[in-house]
Amino acid sequence: MSSAAGMEREAVKMQVEIWSDIVCPWCWIGKRKFEAAVRKFDGVADIAVRHRSFELNPNGPEQGRYSVPEYMQAVLGMPKPRVLQTLRFIAEAAAEVGLDYRMTESRAANSFDAHRLLHFADSKGRGKEVRELVSHAFVATTLDIADRDTLCVLGSRGGLDETETRTMLNSGTFGDAVRRDETEARRAGIHGVPAFRFNKGTIVSGALSIEELQSVIAEELAKTPAGR
């Protein structure tokens, strides 16, 4: 038997881009499900993930004005019983993947500065940590993620220099990176999040199950040459 025959098959390399919005409660749930789905392919696939920005509502809401329930009633026109039912349903879905949602306490927020912070964190190699902290702050605390002081504190907890973070936020840096992500989403026909794009081709979006994501990943890996 040749030495080549005994070699392990080279892991298939694949890039996945994930568009999401911090103020989309389904996006953090989707991220957890995707992470769980990817674990099935440990050892056979080298999956590189790139997180990209998407704003569900670029024009609002005004900082500090509404809690999430107030926003859903005043702006989205939902009656209070339906609001509470919806938030309860989302919390139950989050609990299924190990997340603790308390959105009756959350502050509705414009997410543009939070997205800029995440781009900054990615550039410093701290994107994973800061993304988790900002996501948790929105869905499970009373912190206002549109407030730059709050973002500076969260960035510091995630390993960023607080002074550098404040300078970045006040300068407007990484705003163009957020806009490029959103422009690319429009070009790709993405209108809602979470959305996943595999190797610049196949796009799937919405609240997919772990099994559905595993199926898509398997199909895409089958189309991708080893070592790509």
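Rules used throughout
- Residues numbered from 1 in each chain as written.
- Predicted model: local features only at pLDDT ≥ 70, side-chain atom pairs only at ≥ 80, totals over all residues.
- Heavy atoms only, no water.
- Core = buried A, V, L, I, M, F, W, Y, C linked by side-chain atoms within 4.5 Å.
- Buried < 20%, exposed > 50% of the residue type's maximum accessible area, 1.4 Å probe, protein only.
- Helix = DSSP H or I, 4+ residues; strand = E, 2+ residues; numbered from the N terminus.
- Contact = heavy atoms within 4.5 Å.
- 1 Å grid on protein atoms, 1.4 Å probe; cavity = no way out; pocket = protein on both sides within 12 Å on 5 of 7 lines; lining within 4 Å.
- Points joined across faces, edges and corners; volume = space filled by probe spheres on them.
- Nonpolar A, V, L, I, M, F, W, Y, C, P; charged D, E, K, R; others polar.
- pLDDT = per-residue confidence, 0-100.
- Pairing = 2+ DSSP bridges.
- Axes fitted to C-alpha atoms, helices over the stretch in contact; angles between N-to-C directions.

Q: How should the nonpolar core be read in this particular structure?
A: Core analysis: the largest hydrophobic core is formed by 36 residues, its most contacted members being Ile29, Tyr101, Val134, Phe138 and Ile145. If you list the elements that add at least two residues to this core, you get helix H1 (25-39), helix H2 (68-74), helix H3 (80-95), helix H4 (112-123), helix H5 (127-140), helix H6 (148-157) and helix H7 (162-171). Per element, the largest residue contribution to this core is six residues, and it comes from H5. For Tyr101, the residues in contact, after removing those within four places along its chain, are Pro25, Trp28, Ile29, Ile90, Ala91, Ala94 and Val139. In this structure, Phe34, Val38, Leu213 and Val216 belong to the second largest nonpolar core, which totals 18 residues.

Q: What should I look at first to understand the layout of surface pockets in this one?
A: Unfilled space is identified by rolling a water-sized probe across the atoms. Roughly 500 Å³ of internal volume is contained in the largest pocket. At the level of elements, H1, H2 and H3 are the ones that each hand at least two residues to the lining of the largest pocket. Here the lining of the largest pocket is built from residues that sort into 19 nonpolar, five polar and two charged. Estimates place the volume of the second largest pocket at around 260 Å³. Forming the walls of the second largest pocket are Ile18, Lys31, Phe34, Glu35, Val38, Arg39, Ile47, Val49, His51, Lys128 and Arg131.

Q: Where do I start with the confidence of the model for the chain in this structure?
A: Low pLDDT marks stretches whose predicted atomic positions should not be read closely. Here the chain averages 92 in pLDDT, and 94% of its residues register 70 or above. Considering only residues more than four positions removed or in separate chains, one finds that residues 1-7, a stretch of pLDDT under 50, has zero contacts.

Q: When you look at the environment of Phe41 in this model, what are you seeing that I'm missing?
A: Tracing the sequence through the fold places Phe41 in the loop between H1 and strand S2 (45-53). Note on Phe41: relative accessible area 9%, which makes it buried. Each C-alpha atom of the pair Phe41 and Ala11 lies 9.6 Å from the other, and the pair is 30 residues apart in sequence. Dropping the residues within four chain positions of it, Phe41 is found in contact with Gln214, Ile217, Ala218 and Leu221.

Q: Would you mind showing me how to read the sheet that holds strand S1 (residues 12-20) here?
A: What holds strands together in a sheet is hydrogen bonding between their backbones, with the strands either parallel or antiparallel. Pairing is mixed in the open sheet, where four strands are placed in the order S2-S1-S3-S4. Edge positions in the open sheet fall to S2 and strand S4 (202-205), since each of these has one partner strand only. Within the sheet, the average angular offset between the axes of one strand and its neighbour, ignoring direction, is 20 degrees. With four bridges connecting them, S1 and strand S3 (residues 195-198) associate as antiparallel partners. Opposite Ile18, over in S3, you have Phe196 as the bridge partner.

Q: Would you take a moment to explain unusual backbone geometry for this structure?
A: For residues other than glycine, phi is negative in most cases, and the peptide bonds are mostly trans. Across the junction of Val193 and Pro194, the peptide omega takes the value 5 degrees, indicating a cis bond. Examined against the element boundaries, Pro194 turns out to sit in the loop between helix H8 (175-188) and S3. In this model, Asn199 sits at a positive phi of 50 degrees, which is unusual for a non-glycine residue. Along the chain, Asn199 turns up in the loop between S3 and S4.

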